[in-house]
Amino acid sequence: MTRVAGIDCGTNSIRLLVADVHPDTGELIELDRRMTIVRLGQGVDKTGRLAPEALERTFAACREYAAVIKELGATKLRFVATSASRDAENRDEFVSGVLDILGVEPEVITGDQEAEFSFTGATMELHGTEKYLVVDIGGGSTEFVVGNKHVEAARSVDIGCVRLTERHVRSDPPTAAEVEAIVTDIRAALDLAARTVPIAEADTLVGLAGSVTTVAAIVLGLEEYDSERIHRSRISFDQVAAVVGRLLVSTHDERAAIPVMHPGRVDVITAGALVLLEIMERTGARGVVVSEHDILDGIALSVA
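The following paragraphs examine the structure supplied in this document. One numbering rule holds for all chains: residues counted from 1, following each sequence as written. pLDDT decides what is reported in this predicted model: residues at 70 or higher carry local features, side-chain atom pairs at 80 or more are listed and counted, and totals for whole chains, interfaces and linings draw on all residues regardless. Values shown for side chains rest on all heavy atoms present in the structure; no hydrogens or waters enter the calculation.

### What about the sheet that holds strand 3 (residues 28-37)?
Two modes of strand pairing occur in sheets, parallel and antiparallel, and in both the strands are linked by backbone hydrogen bonds. A sheet is described by the order of its strands in space; here five strands give the open sequence 3-2-1-4-5, paired in mixed fashion. The two strands at the open ends of the sheet, each matched to only one other strand, are strand 3 and strand 5 (107-108). Note that strand 4 (residues 76-81) and strand 5 share two bridges and pair parallel. Looking at strand 5, one finds that Val80 is bridged to Glu107. The strands that helix 13 (residues 295-303) touches are strand 1 (2-9), strand 2 (13-21), strand 3 and strand 4; relative to strand 1, the one it contacts most, it runs at about 140°. A pair of strands counts as paired when DSSP detects no fewer than two bridges linking them. Strands here are runs of E lasting at least two residues and helices are runs of H or I lasting at least four, both read from the DSSP assignment and numbered beginning at the N terminus. The criterion used for residue contact is that any of the two residues' heavy atoms lie within 4.5 Å. For every element, the axis is a line fit to its C-alpha atoms; helices are fit only across the contacting stretch, and the angle between N-to-C directions ranges from 0 to 180 degrees.

### Focus on the pairing of strand 1
Buried means the residue's accessible area, taken with a 1.4 Å probe over protein chains only, is under 20% of the maximum for its type, while exposed means over 50%, and partly exposed covers the values in between. Across the eight residues of strand 1, seven count as buried, placing the element largely inside the fold. Where strand 1 meets strand 2, eight bridges bridge the pair, whose relative direction is antiparallel. Paired with Val4 across the two strands is Ala19, which belongs to strand 2. Counted between consecutive antiparallel strands, the loop separating strand 1 from strand 2 contains three residues. Note: strand 1 against strand 4, six bridges, orientation parallel.

### Some thoughts on the nonpolar core
Residues belong to a common nonpolar core when they are buried Ala, Val, Leu, Ile, Met, Phe, Trp, Tyr or Cys residues joined through side-chain atoms within 4.5 Å. If you look at the biggest cluster of nonpolar residues, it comprises 48 residues, and the most contacted ones within it are Leu133, Phe144, Ile186, Leu205, Val240 and Ile279. Every element with two or more residues in this core is listed here: strand 6 (132-137), strand 7 (142-147), strand 8 (151-157), helix 7 (176-196), helix 8 (210-219), helix 10 (237-248), helix 12 (269-283) and strand 11 (287-290). The element that contributes the greatest number of residues to this core is helix 12, accounting for nine residues. When residues no more than four places from it in sequence are discounted, the contact partners of Ile279 are Val135, Ile137, Thr142, Phe144, Leu190 and Leu205.

### A short note on the environment of Ala257
With respect to the element layout, Ala257 can be found in the loop between helix 11 (252-256) and helix 12. Under the relative-accessibility criterion, Ala257 is labelled exposed at 57%. Separated by 38 residues in sequence, Ala257 and Ile295 have C-alpha atoms that sit 29 Å apart.

### What about the pattern of salt bridges?
We define a salt bridge as a side-chain nitrogen of Lys or Arg found within 4 Å of a carboxyl oxygen belonging to Asp or Glu. Evaluation of the coordinates by the stated rule reveals 19 salt bridges. For Arg39, the salt bridge goes to Asp267, with nearest N and O atoms at 3.2 Å. With a gap of 228 residues between them, Arg39 in the loop between strand 3 and helix 1 (44-47) and Asp267 in the loop between helix 11 and helix 12 connect regions that are remote in the sequence. Under the relative-accessibility criterion, Arg39 is labelled buried at 15%. The structure contains a network of salt bridges with shared partners spanning Asp8, Arg15 and Asp294.

### Examining unusual backbone geometry
Cis geometry is found at the peptide bond from Asp172 to Pro173, where omega equals -5°. Following the sequence through the fold, Pro173 ends up in the loop between helix 6 (161-168) and helix 7. A positive phi angle is found at Arg39, which is not glycine, with a value near 50°. In this structure, Arg232 takes a positive phi of about 70° despite not being glycine.

### Here's the deal with the sheet that holds strand 6
Read across the sheet, six strands follow the order 8-7-6-9-11-10 without closing on themselves; strand pairing throughout is mixed. With one partner strand each, in any of the chains shown, strand 8 and strand 10 (234-236) form the two edges of the open sheet. On average, adjacent strands in this sheet sit at an angle of 25° to one another, irrespective of strand direction. Note: strand 7 against strand 8, six bridges, orientation antiparallel. Its bridge partner being in strand 8, Gly147 is matched across the sheet by Val151.

### Thoughts on the state of the cysteines
Two cysteine sulfurs form what is called a disulfide whenever their separation falls within 2.5 Å. Within this structure, the stated rule accounts for zero disulfides. Just so you know, Cys9 is unpaired, no disulfide at all, and the nearest cysteine sulfur is the one on Cys62, 6.5 Å from it.

### Here's the deal with helix 10
With twelve residues, helix 10 extends 16 Å from end C-alpha to end C-alpha; this agrees with the ideal 16 Å at 1.5 Å per step. Inspection of helix 10 places Phe237, Val240, Val243, Val244 and Leu247 among the buried residues, and these make up the whole buried set. Buried residues in helix 10, looked at end-on, bunch into an arc of 125°, giving them a common side. Contacts made by the buried residues of helix 10 are with helix 8, strand 10, helix 11, helix 12 and strand 11. Take the residue count of a helix, subtract one, and multiply by 1.5 Å to get its expected span. An arc is given here, and it is the one of the directions from the helix axis to the C-beta atoms.

Next comes the structure, spelled out in structure tokens:
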């Protein structure tokens, strides 16, 4: 076994996984998994730059993670940065800050690489013969990957809960016109994804990341977040539609009062849930399998 650390820095959150991994079998024993909402992508869609306060929040999380990695004795570290840092003019500031704190340079990966890691992490426990459509709904982008044991087709498109919220939402709750603008963007992105990925031909839809797991937690009626209950749960189209209907008429305070709602998701969960619902509508999926294993697990496996 090799003790490794993987960091996934996205538009909304930064996450750490420290694990013992067998490089030949792919067996992964989790030692520490944590997530911090840093909103690195704050304003990037509008300004094209990473905000100073967003960078500082991210660097503070990096310092915390550096201490955990040192304490657990991980011998290898891979830091992967996704949508927000791909889009930013001043990403060199981000790269140099991470290098100073963690001693590794963040890899600003492409959307296709992001999709590959997401698929590997999400399907490592799924051993069926069916074809999977893995969707990773992030803050700035959503990845679509179709395959079974290996990726057959992948596409990243620029719809994510943070990007869509910042682009269209000014009201609380959002107006009908704002919702329509979000849905229009989502449907255009689905058209784009479908040119590369046969999104309607998969047998099983697998959903990843915070928007999906939060919707699942609400459907399950959890009083507190329970990853064991959420992981590999299956929620139906009707259940997702009911949660979306509730979120669309909820105020910020009402969303914040939902027991499983992370404070950093309160203002973006509605857009994220809409992305999931529109994907299910387009693909004809009557349900989605929710996975707590995702790009972070794929990163850790790649290190080993």
